[in-house]
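Breakdown of the fold
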Amino acid sequence: MHITALAGGIGGARFLRGLLHHLRSLPSQTPAANARVTVIGNTADDVTLHGLRVCPDLDTVMYTLGGGIHEEQGWGRAAETFTVAEELTAHGAQPQWFTLGDRDLATHILRTRMLGAGMTLSGVTAALCERWQPGVELLPMSDDRVETHVVIDDPDAEGGRRAIHFQEWWVRLHAAVPARQILAVGIEQAKPAPGVIEAIQTADVVLLPPSNPVVSIGTILGVPGIREAMRTTSAPVVGISPIVRGAPVRGMADACLSAIGVSTTAAAVAGLYADFLDGWLVADGDDKDEHPEGVTVRARPLLMGDVPAAAAIAADAVDLAATLRR
Ligand code: GDP
Ligand code: CA
């Protein structure tokens, strides 16, 4: 059995950890117990800082599944120290709104070095995963550079608006300044990374973890060919809503949804996937809303408070997929 999932950072990683926990708890004779899992990670959050290439979503998945994540924070390394960041601050080096820990820096140094030597991001990610052993095959959505930029109002800028990197909007401005537009720069020219289309087309089940529908899942689907593969795969596609009773559980996904004119509800998010979604897990109560036609909706608690809670959600997603045919 082959399970393929699309994933952003925290929401994706926590769900995937639950999924692996669930699969490993199954009796060995059940087909899903030996399932192979491929993860297609969002790379549109990637940013170059101090000359280093940082891939926050790939790293969150890799650290979470590899046992190195800062548990409470949900991103970055456990037992982190910040000596390099303190030294950079003493120099007045910018930007100071994005802090990189010492342990985390080792990842970015190695990635930058391998990219500089001519390796693709896929090759680099596979090399980093040799240490982290995430238990999944982790593929970047593309080896080409795609960067989410956010257009905000700025009275001093020409035309009264300017575009900033997604990380500056998210981390420095906490998405509190309205996004007039969210652009995935370079996406039209990007090609899916090797193995991405095959992983969707040859899967037995395709899962959409509760990742940000605009800047995580949305950008992955925007890479030419990926959305088409989601439509044409013979595998049932089951998603887990990132919106629980009108609220994003963590982070500011509501600010991203308003930027594209979509309301912050589980049903509205399902609408973004209506052309390929078969099954949709929503929080209790959210199943009363009107969901897109042809989507089988199931309600259950959707808070991933700990690994067993995430595993129970993943179990229901896999079970729902088993009842759906394309
Ligand atoms: P990011 O790249 O680190 O922002 O992470 P993702 O894009 O993978 O996921 C972020 C989204 O996960 C948030 O917008 C939330 O809506 C969702 N999320 C986080 N925790 C939970 C949870 O416990 N349950 C559900 N259903 N969604 C969650
Ligand atoms: Ca992200």
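Heads up: the structure comes first, above all this text.
Only a predicted model underlies this, so the values are computations on that prediction, with no experimental measurement involved.

Right, let's get into the overall build of the chain. The helix and strand inventory of the chain stands at twelve helices and 14 strands. Since a compact globule built from 326 residues should have a radius of gyration of about 20 Å, the 19 Å found for the chain is in line with a globular shape. Counting only C-alpha atoms and orienting by the principal axes, one finds that the chain spans roughly 60 × 45 × 35 Å. Taking all 326 residues of the chain together, 53% fall into the buried category. Across the chain, contacts joining residues at least 24 apart in sequence account for 69% of those joining residues at least 6 apart. Roughly 14,000 Å² of accessible area belongs to the chain as shown, and the carbon and sulfur atoms make up 52% of that amount. Distance from the positive charge centre (25 side chains) to the negative charge centre (37 side chains) of the chain: 3 Å.

With that out of the way, let us pick up helix α4 (residues 102–116). Think of an α-helix as 3.6 residues a turn; residues three or four steps apart then line up on the same face. A rise of 1.5 Å per residue sets the reference length of α4, with its 15 residues, at 21 Å; its end C-alpha atoms lie 21 Å apart and thus fit the reference within 8%. Within α4, burial applies to Asp104, Leu105, Thr107, His108, Arg111 and Met114.

This part covers the side chain of aspartate 278. Secondary-structure assignment places aspartate 278 in the loop between α11 (266–272) and β13 (279–282). Accessibility expressed as a relative area gives 13% for aspartate 278, which makes it buried. Within the structure, aspartate 278 has its side chain in polar contact with the backbone nitrogen of valine 237 (distance 2.8 Å). Look past the residues within four positions of aspartate 278 in its chain and what remains in contact with it is Ala235, Pro236, Val237, Gly294, Val295, Thr296, Leu324 and Arg326.

How two helices sit against one another is set out by the angle between their axes and by the gap between those axes. Contact geometry for helix α2 (residues 56–66) and α4: axes closest at 12 Å, N-to-C directions at 125 degrees. Overall, the two elements α2 and α4 adopt an arrangement that is oblique. Crossing of α2 over α4 shows right-handed handedness. Between α2, through Asp59, Met62 and Tyr63, and α4, the contact on the second element is made entirely by Asp104, Thr107, His108 and Arg111. Tallied by class, the residues present in the contact of α2 with α4 amount to two nonpolar, two polar and three charged.

About the cut-offs
Residues numbered from 1 in each chain as written. Chains lettered and ligands numbered in written order. Predicted model: local features only at pLDDT ≥ 70, side-chain atom pairs only at ≥ 80, totals over all residues. Heavy atoms only, no water. Helix = DSSP H or I, 4+ residues; strand = E, 2+ residues; numbered from the N terminus. Rg over C-alpha atoms; globule rule 2.2 N^0.38 Å. Buried < 20%, exposed > 50% of the residue type's maximum accessible area, 1.4 Å probe, protein only. Contact = heavy atoms within 4.5 Å. Areas by Shrake-Rupley, 256 points an atom, 1.4 Å probe, with all protein chains shown as cover. Lys, Arg positive; Asp, Glu negative; His and termini not counted. Charge placed at Lys NZ, Arg CZ, Asp CG, Glu CD. Expected span 1.5 Å × (residues − 1). Polar contact = N/O pair within 3.5 Å; in protein donor to acceptor, adjacent residues only side chain to side chain. Axes fitted to C-alpha atoms, helices over the stretch in contact; angles between N-to-C directions. Parallel < 35°, antiparallel > 145°, perpendicular 65-115°, else oblique. Left-handed = near helix turned anticlockwise from the far one by under 90°. Nonpolar A, V, L, I, M, F, W, Y, C, P; charged D, E, K, R; others polar.

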